[in-house]
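Now for the letters of each chain:
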Amino acid sequence: MSDLDHSLYTDFPEYRERIHQLKLEDPVFASKAAEYHKLDHSVRGLEMAHTSLTNDRFRNMKMRRLQLKDELLRMLQ
């Protein structure tokens, strides 16, 4: 279990200003960032509830979160 904060600002502190700028100026980035934030919040809640990693829905949520994070990082670079 990991209750570590995986917010974009926490994981990519070097892109803090760029994240803020893109959230304001790029609707695609803003949409993906919002989906990422919502999904991260849900995953962390399930982790804190000790949800089993064998739960397919939980595993799919974690995979989607990772996919979004990769997409957002590419947009930041």
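Scroll up a little and you will see the structure.
Since the model is a prediction, treat every value here as computed from it, not as a measurement. (Residues numbered from 1 in each chain as written. Predicted model: local features only at pLDDT ≥ 70, side-chain atom pairs only at ≥ 80, totals over all residues. Heavy atoms only, no water.)

Q: With reference to specific residues and values, describe the overall build of the protein chain.
A: If you tally the helices and strands in the protein chain, you get four helices and zero strands. Along the chain direction, N to C, the helices and strands of the protein chain fall in the order α-α-α-α. Principal axes of the C-alpha set define a box for the protein chain whose edges measure 40 × 20 × 15 Å. Counting all 77 residues of the protein chain, 29% fall into the buried class. For the protein chain, the share of sequence-separated contacts (at least 6 apart) that also reach a separation of at least 24 residues comes to 63%. Carbon and sulfur atoms make up 55% of the accessible area of the protein chain, which amounts to about 5200 Å² in all. Both charge centroids of the protein chain, one from 13 positive and one from 13 negative side chains, sit 4 Å from each other. (Helix = DSSP H or I, 4+ residues; strand = E, 2+ residues; numbered from the N terminus. Buried < 20%, exposed > 50% of the residue type's maximum accessible area, 1.4 Å probe, protein only. Contact = heavy atoms within 4.5 Å. Areas by Shrake-Rupley, 256 points an atom, 1.4 Å probe, with all protein chains shown as cover. Lys, Arg positive; Asp, Glu negative; His and termini not counted. Charge placed at Lys NZ, Arg CZ, Asp CG, Glu CD.)

Q: Provide a residue-level description of the nonpolar core, including the pertinent values.
A: Considering soluble globular proteins, one finds that nonpolar side chains tend to be buried as a cluster. In this structure, Leu8, Phe12, Ile19, Phe29, Leu72 and Leu76 are the most contacted members of the largest nonpolar core, which totals 15 residues. Secondary-structure elements contributing two or more residues to this core are helix 2 (16–25), helix 3 (27–48) and helix 4 (56–76). (Core = buried A, V, L, I, M, F, W, Y, C linked by side-chain atoms within 4.5 Å.)

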